[in-house]
Amino acid sequence: MKIRWQSAVGFGAAVAATLVASSSVPQATNSNPQTDVQISVEPQQLSVVGLPCFPGNLTLTMTNTGSQDRYADLTLAPSGPLQLSRELFSSWLPAVDPDQPVSAPVEVRVPRDTEPGSYKIDLEVDKTRLTVPVQVNPLPSKDPGSNVALGEQAAASSTHGNFFLCGAVDGDKDSEHWDTLTGWNDGTRAVFPDNYDVALAQPTTINRVELYTLDSAKYPAATNGLRDWDVQVSANGTWQTVAQVRGNTAGHVTSTFAPVQATAVRILCLDGNDHTYSRIVELEVYGP
């Protein structure tokens, strides 16, 4: 999953900066090259922060430089609290095309309470090892008035295969980036309702939701944006509707309501202007 942290705005940009590799972090290093399989990783260093929807992302690559077809197993051994989406990358590497690399993505996450510091991921194939330094940064402070949904755990009724669940809480609310897969698009064409939820880090008093639906030069909101929806909050273990929007043709809609302590926010999508999909570019949640 590739998330465009550089495009995040406001507080999102500050969080994004912690996810961009720092030149002060050592780069990946090889040791004991004793194999005909070359391994590489991009980026060669990584910084992460303990927010559920802000993983670090690596791309692993194996290349067969030998003269014989072979099967290779690349193992990944994370240190400390690092959590990987895979700890084994296996692939057949034919010698017919020895310069053809085979790649695989890996997500790197850490729990919210992870102690900031330096960690690592050891990669190994045969007797060749590659070490990727990983810096865990402190959680960014969320001051009063900041977007409490940014980077938090998202959930949805469905997600289109071309999009990512976390796309609507990644800090990028620019609809012109829609084709780069920021935002969320449901996965059930012409079937409503759909829902997009974000769990808050802790019970939080909120009174405003900002919703950015698709609205670009190529895809105007009046044609492709979200038309009808309810804003719901999870309070005392039940979902309550706190605001409703009907007949919308704008790209950005602000919903305000009486302050309520909530543990999660839901957008219950009832219809889109093209009556096909629910599309949310960004969901922001604020307190009084």
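Here the structure is shown first, and the text comes after it.
Structure report, in brief. (Residues numbered from 1 in each chain as written. Predicted model: local features only at pLDDT ≥ 70, side-chain atom pairs only at ≥ 80, totals over all residues. Heavy atoms only, no water.)

Focus on the overall build of the chain
The condition that has to hold: Comment: elements are numbered from the N terminus, with helices defined as DSSP H or I runs of at least four residues and strands as E runs of at least two. Burial classes follow relative accessibility: with a 1.4 Å probe on protein chains only, a residue under 20% of its type's maximum area counts as buried, one over 50% as exposed, and anything between as partly exposed. Residue contacts are counted whenever heavy atoms from the two residues lie within 4.5 Å of one another. For every accessible area listed, the method is Shrake-Rupley and the probe measures 1.4 Å; residues are considered covered only by the protein chains on display.
Check the secondary structure of the chain and you find two helices and 17 strands. A total of 288 residues make up the chain; the buried ones form 50% of that total. Contacts spanning at least 24 positions in sequence make up 73% of the contacts within the chain whose residues lie at least 6 apart. In the structure as shown, the chain presents an accessible area of about 12,800 Å², 49% of it carried by carbon and sulfur atoms.

Concerning the state of the cysteines
How we decide: By disulfide we mean two sulfur atoms from cysteines, separated by a distance within 2.5 Å.
The tally for this structure, following the rule as stated, stands at one disulfide. A sulfur-sulfur separation of 1.9 Å characterises the disulfide bridge that pairs C53 with C166. Torsion about the S-S bond of the C53 and C166 cystine: about -70°, corresponding to left-handed handedness. Placement of the pair is C53 in the loop between β3 (46–48) and β4 (56–64) and C166 in the loop between β11 (154–156) and β12 (184–185), with a sequence separation of 113 residues. Assigned by exposure class, C53 and C166 land together as buried.

Describing the nonpolar core
Worth spelling out the cut-off: Buried Ala, Val, Leu, Ile, Met, Phe, Trp, Tyr and Cys residues form a nonpolar core when they are joined through side-chain atoms within 4.5 Å.
One finds Y196, I206, V209, W229, I267 and I280 to be the most contacted residues of the largest nonpolar core, which totals 31 residues. Only β13 (194–213), β14 (226–235), β15 (238–245), β16 (252–272) and β17 (279–286) provide two or more residues apiece to this core. Residues within four places of I267 in sequence aside, it is in contact with D194, N195, Y196, V209, L211, L226, W229, D230, V231, I280 and L283. One finds L60, M62, V110 and I121 within the second-largest nonpolar core, a separate group that totals 27 residues.

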